[in-house]
Amino acid sequence: MFNASLIGNLHPAIVHLPIGILVLAGLLEWLMLFRRFRSGAPLIPLITAIGALTAILACITGLLLESSGEYDGDAVTRHKWSGLITALIASTYFVARRKGGLLGMFPNRARLGSLVMLASVSITGHWGGDLTHGSGFLWKGMYPTGKDGSESNGSTFRPVADVLQAKAYQDLVGQVMTTKCVSCHGPSKQKGGLRLDDQSQILNGGKNGIVITPGFAANSELLKRLLLPPEDEHHMPPKEKPQLSLQDRTLIEWWISKGADFNKTVKEIGIDDSTLSILRIYQGEQATASHTYEPLVPEENVPDADPALLEKLRTQGVVILPIDPAKGYLMANLINVSRPVDSILIDMQPLSDQLIWLKLSGSDLTDAGCKQISGFRRLIRLQVDQTRITDAGMAEFSKLISLERLNLAGDSITFQGLLHLKAMKSLSTLNIWNTRISNEDMPEVFSLLSSAKIDTGGYKLPFLDTDTMIMKDTRKK
Ligand code: HEC
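**Some points on the overall build of the protein chain**
Within the protein chain, the secondary structure is distributed over 20 helices and seven strands. Here the protein chain, with 477 residues, has 46% of them falling under the buried criterion. Taken as a whole, the protein chain presents about 24600 Å² of accessible surface, with 58% of it coming from carbon and sulfur.

The following block contains the structure:
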């Protein structure tokens, strides 16, 4: 059976034959300057002929290798053409160099011709080297630990000491791409014409154009690919390869939505608590590519969400990430949506089984939308900070009995609104920073929600002898 890709795999070995043989032919040509080598002259056409034949063989195996689809992109195109031209030059050279041929009679022209051939061989060889070893491979050894020179073996993720102080791209996003994408989108292979190994390559995009739209994660081809169901042929990384973890997807979504900055630290870019808590997994000794953030999700499995609905929501800018693909749970982020959040929430109602995290920070959410939110009865995390909700909307939240984290910062709510949270027995973290809740109300807030950690943005509970709640708060576990 004829196996194109197997023969194609011989290409990297075969290319050494024409290189060696044609260089030898060129060398002999110049040795003719010395009398004592001239007896070797008749060998030159023969050696060139063998060189030309092996060059043709290299072209054939190269074309087969290309047809296997492993390689594409500009770098391959220029290597291909320079290789074909080299084979052509070598053949022409052989014909002209034969006895009685055009060059055979003029040693000076023959030497000049050999220079052209040698130049063509070296350019092709160098461009070929770029493909297997990465661009600029010749100079790599010259820089001690050059950023670009570091060979990635695609396996290890270096943990960071503190996520907040880490450089978002260099220490996190870049590492995820190096470990999970660069084997197919890097120096050696550019599947889809895309390289993900440095800033300019990432921004250049692939053969279908740009893959990142800074500030708009949901519109970015790169994130869309990560979010496709694993069995979709366009899902990245392809199903049989190591997949991204929840923290990887969360990281990339956060990074693109914050403008895909290549220099700043996480802190400089800005990150909310709930995203930060997921990214903390990159911290510390045990953080490796395989170590994943395991969010608390309900025990039972839920049916998979309707892919058509997810796709429709995604085209409207809703970022929907699987939290635990095995169980079917989802998180949704409506920060960059193209129409009013209230109406999108209506379309999202069929996800009431799957949706457990919902992020609406800074959106145009109103009390009407809160009614829709109460339909997502399994919600564990809800971020409705900096929105237009009021106490009336808060009344709807009383149905969210599984809620553990709630962010209300910057909302126009008062203590009256908080009263509706009383039934939320599982609430563990509440942010009421910058709301209309007055300092006078704070002691009551603390006693109302005594089991929750409450972020009041600086307000400290005055110590009272009679205040048993304080005792509860500080007791040792
Ligand atoms: C095992 C190889 C492999 C790995 C690993 C891989 N990809 Fe791909 N990628 C491909 C192939 C093949 C294509 C072209 C076919 C297609 O468009 O689906 C592609 C295409 C793409 C494209 C579309 C480029 C364009 O313009 O058409 C994007 C974006 C992409 N990959 C992103 C990623 C990201 C991000 C990762 C890592 C998380 C990744 N890929 C890991 C093989 C891979």
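**Here's the deal with unusual backbone geometry**
Peptide bonds are, in most cases, trans, and in most cases residues other than glycine have a negative phi. Here Met236 and Pro237 are connected by a cis peptide whose omega angle stands at -15°. In this fold, Pro237 is placed in the loop between α10 (221-227) and α11 (246-257). Here the phi dihedral of Ala260 falls at roughly 50°; this positive angle occurs in a residue that is not glycine. Positionally, Ala260 belongs in the loop between α11 and α12 (266-269). For Asn434, which is not a glycine, the phi torsion comes out positive at approximately 60°.

**Details of the coordination of the iron atom of the ligand**
Taken together, the protein donors to the iron atom of the ligand comprise His185 (NE2) and Met236 (SD), at separations of 2.0 to 2.2 Å. Note on His185: relative accessible area 11%, which makes it buried. Note on Met236: relative accessible area 23%, which makes it partly exposed.

**Some points on the site of the ligand**
Around the ligand, a shell composed of 22 residues is seen, among which Cys181, Cys184, His185, Arg225 and Met236 lie nearest. A distance of 3.3 Å separates an oxygen atom of the ligand from a polar backbone atom of Lys207. The side chain of His234 places a nitrogen or oxygen atom 3.1 Å from an oxygen atom of the ligand. The element best represented in the shell around the ligand is α10, accounting for three residues.

**Focus on a nonpolar patch on the surface**
Together, Trp30, Leu33, Phe34, Phe37, Leu112 and Leu115 line one region of the surface with nonpolar side chains, adding up to about 570 Å² of accessible area. Topologically, Phe37 is positioned in the loop between α3 (16-31) and α4 (43-67). Since its relative accessible area comes to 35%, Phe37 is described here as partly exposed.

**Observations concerning the packing of α4 against helix α5 (residues 74-97)**
Orientation of α4 relative to α5, taken along the N-to-C sense of each, is 155°, at an axis distance of 8 Å. Overall, the two elements α4 and α5 adopt an arrangement that is roughly antiparallel. Where α4 crosses over α5, the two elements pack in a sense that is left-handed. Judged by residue contacts, Ile44, Pro45, Thr48, Ala49, Ala52, Ala55, Ile56, Cys59, Leu63 and Glu66 of α4 engage Val76, Lys80, Gly83, Leu84, Ala87, Ala90, Ser91, Tyr93, Phe94 and Arg97 from α5. Among the residues making up the contact of α4 with α5, the classes are represented as 14 nonpolar, three polar and three charged.

About the thresholds
- Residues numbered from 1 in each chain as written.
- Predicted model: local features only at pLDDT ≥ 70, side-chain atom pairs only at ≥ 80, totals over all residues.
- Heavy atoms only, no water.
- Helix = DSSP H or I, 4+ residues; strand = E, 2+ residues; numbered from the N terminus.
- Buried < 20%, exposed > 50% of the residue type's maximum accessible area, 1.4 Å probe, protein only.
- Areas by Shrake-Rupley, 256 points an atom, 1.4 Å probe, with all protein chains shown as cover.
- Donors = N, O, S within 2.8 Å, 3.2 Å for Na, K, Ca; no water.
- Near = heavy atom within 4 Å.
- Polar contact = N/O pair within 3.5 Å; in protein donor to acceptor, adjacent residues only side chain to side chain.
- Patch = residues over 30% accessible without salt bridge, like charges linked within 9 Å, V, L, I, M, F, W, Y side chains within 5 Å.
- Salt bridge = Lys/Arg side-chain N within 4 Å of Asp/Glu carboxyl O.
- Axes fitted to C-alpha atoms, helices over the stretch in contact; angles between N-to-C directions.
- Parallel < 35°, antiparallel > 145°, perpendicular 65-115°, else oblique.
- Left-handed = near helix turned anticlockwise from the far one by under 90°.
- Contact = heavy atoms within 4.5 Å.
- Nonpolar A, V, L, I, M, F, W, Y, C, P; charged D, E, K, R; others polar.

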